[in-house]
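What follows is the residue order along each chain.
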Amino acid sequence: MDPVSTATVSPSGLLLAGSVAALAASLWLLLPKASDTVASRRLGFLLGAVALVGFAATGRSLGCVGEDAVFLTVAGIAVISGLATIVTRSPVYSAIWFAMTLAGVSGVLLVLGAQFLGVATIVVYAGAILVMFLFVLMLAQPSGMAPYDRVSNEPMLAAAAGAVLLGLLTLSIGRLSAAEPPACCRMPSRAQALAAAAAPADGAATKDDESTTLIAPAMAGGDTGDANEVAHLGAELFGRHLFAVEVAGVLLLVALVGAIAVVSRGEATETDHRREGR
Amino acid sequence: MIPATMLTNALLVGAVLFCLGLVGILTRRNLIVMFLSAELMLQGVSVTLVAWSRYHGDWGGQVLVVFVLTVAACEAAVALVFVLQAFASTGRLDASAWQALREENLPRVIDHELPADDRVVPTWPHLSPAGVVPEGDDSRSLERDHV
């Protein structure tokens, strides 16, 4: 099956092209420009909604959008807030829209069954990283709406590039769902393989090896939507990936020390300048 | 394990978030909004990784997202320090304030026409005066009526 002819001939291809055009026009209208009016922004929102529905319909006709109402709701929240994040003129509102995106993404992760990551996204991102962004905004935002928040670099080219990239990704995802599962998917997954390998090892009396007994049930189930999801993820994280966890800890420490060092060095040079000025 | 339709659903959401973040980081000029756009791209990649992880019943994708969270925290801390330093030296959060670092063959960014500031200044309620007029009005100069 030739993907190009599929894209140009079939109605889903036409729908996809229309969605890409609508998204590009919507992004171009919504991004901050000198020629903005209220009417153009409203038209941009309308076109954005049309593009969103168009992409969902394209995915549906390509056979890759389900009917899970909860998923569609949280995904819609994430996508609409993500759009608002990049087009809002005030950076503070942008950060708050990003918090909304995080809530949506957290919902998506929960629907997918990744309970720990869903909660961690809220706690780490919205609770820590985003608050840090807001602190910096309060420290650094000049009063009034800055002129550089009301213009953007090459909005037309960037909107077209982003929309075309999204169209290509949608097309490849649609082909992914239409195609036969590749060989790697038909093979038993690593989890099942390990579970199969661990099954005879149970009889071989490895009770003293705690990591094996901890990980094996998680692998055997292969289902991360169970009640012990966090325990299984923790066993995997602190079992197979223990060294990476230690490296991540060192990375956090280095970032902390580096951030403090840069700030204090900046303050030192400022006082030096003041002393020289005197 | 999740069904294939759920996988492609999540992949589509991840793709949309990634592309929106890409457009944001290409166009916006505020350094903070550029970093927010980068975080948006990270969110898209995280959704994709978790979807594949659940589809294959393998924990590797979710473990990778844990490390993405860690590195994003480090990156935000270090990057925001640099943003603060940049603001201290130029007084702006404008990426174009650093265009002296651009390539030689690129034109200089000049703001030919700036849009009018069409903010609607809110009308604050007027309270009837009561009690003693406080002395000193210095604190009001620090207030901002908008963000």
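Located above this text is the structure these notes cover.
**What about the overall build of chain B?**
Counting secondary structure elements, chain B contains three helices and zero strands. Starting at the N terminus and walking to the C terminus, you meet the elements of chain B as α-α-α. Out of the 147 residues in chain B, the part that is buried amounts to 44%. A separation of at least 24 residues holds for 52% of the contacts in chain B among residues at least 6 apart in sequence.

**Some points on the overall build of chain A**
Secondary structure assignment for chain A yields twelve helices and zero strands. The linear arrangement of helices and strands in chain A, starting from the amino end, is α-α-α-α-α-α-α-α-α-α-α-α. A separation threshold of at least 6 residues defines the contact pool for chain A, and within that pool the share at least 24 residues apart is 68%.

**A few points about the nonpolar core**
Within the largest apolar cluster, 88 residues are counted, with the highest numbers of intra-cluster contacts made by V108 of chain A together with V13 and I32 of chain B. Of all the elements, helix α1 (residues 4-27) of chain B adds the most residues to this core, at 16 residues. Setting aside anything within four residues of it in sequence, one finds V108 of chain A in contact with F71, V74, A75 and A78 of chain A together with A10, V13 and V47 of chain B.

**Some remarks on helix α6 (residues 115-140) of chain A**
Each α-helix winds once per 3.6 residues, and so residues spaced three or four apart point in a common direction. Look at α6 of chain A: 36 Å from first C-alpha to last across 26 residues, which is about the 38 Å you get at 1.5 Å a residue. Most pronounced at Y125 of chain A, the bend in α6 of chain A amounts to some 30°. Residues of α6 of chain A that are buried include every one of L117, T121, Y125, I129, F133, V136 and L137 of chain A, and no others. The secondary structure elements touched by the buried residues of α6 of chain A are α5 (91-112) of chain A together with α2 (31-56) and α3 (60-90) of chain B.

So, how was this worked out
Residues numbered from 1 in each chain as written. Chains lettered and ligands numbered in written order. Predicted model: local features only at pLDDT ≥ 70, side-chain atom pairs only at ≥ 80, totals over all residues. Helix = DSSP H or I, 4+ residues; strand = E, 2+ residues; numbered from the N terminus. Buried ≥ 20, exposed ≤ 12 C-beta atoms within 10 Å, placed from the backbone. Contact = placed C-beta atoms within 7 Å. Core = buried A, V, L, I, M, F, W, Y, C linked by C-beta atoms within 7 Å. Expected span 1.5 Å × (residues − 1). Bend = angle between axes of the 7 residues up to and from the residue.

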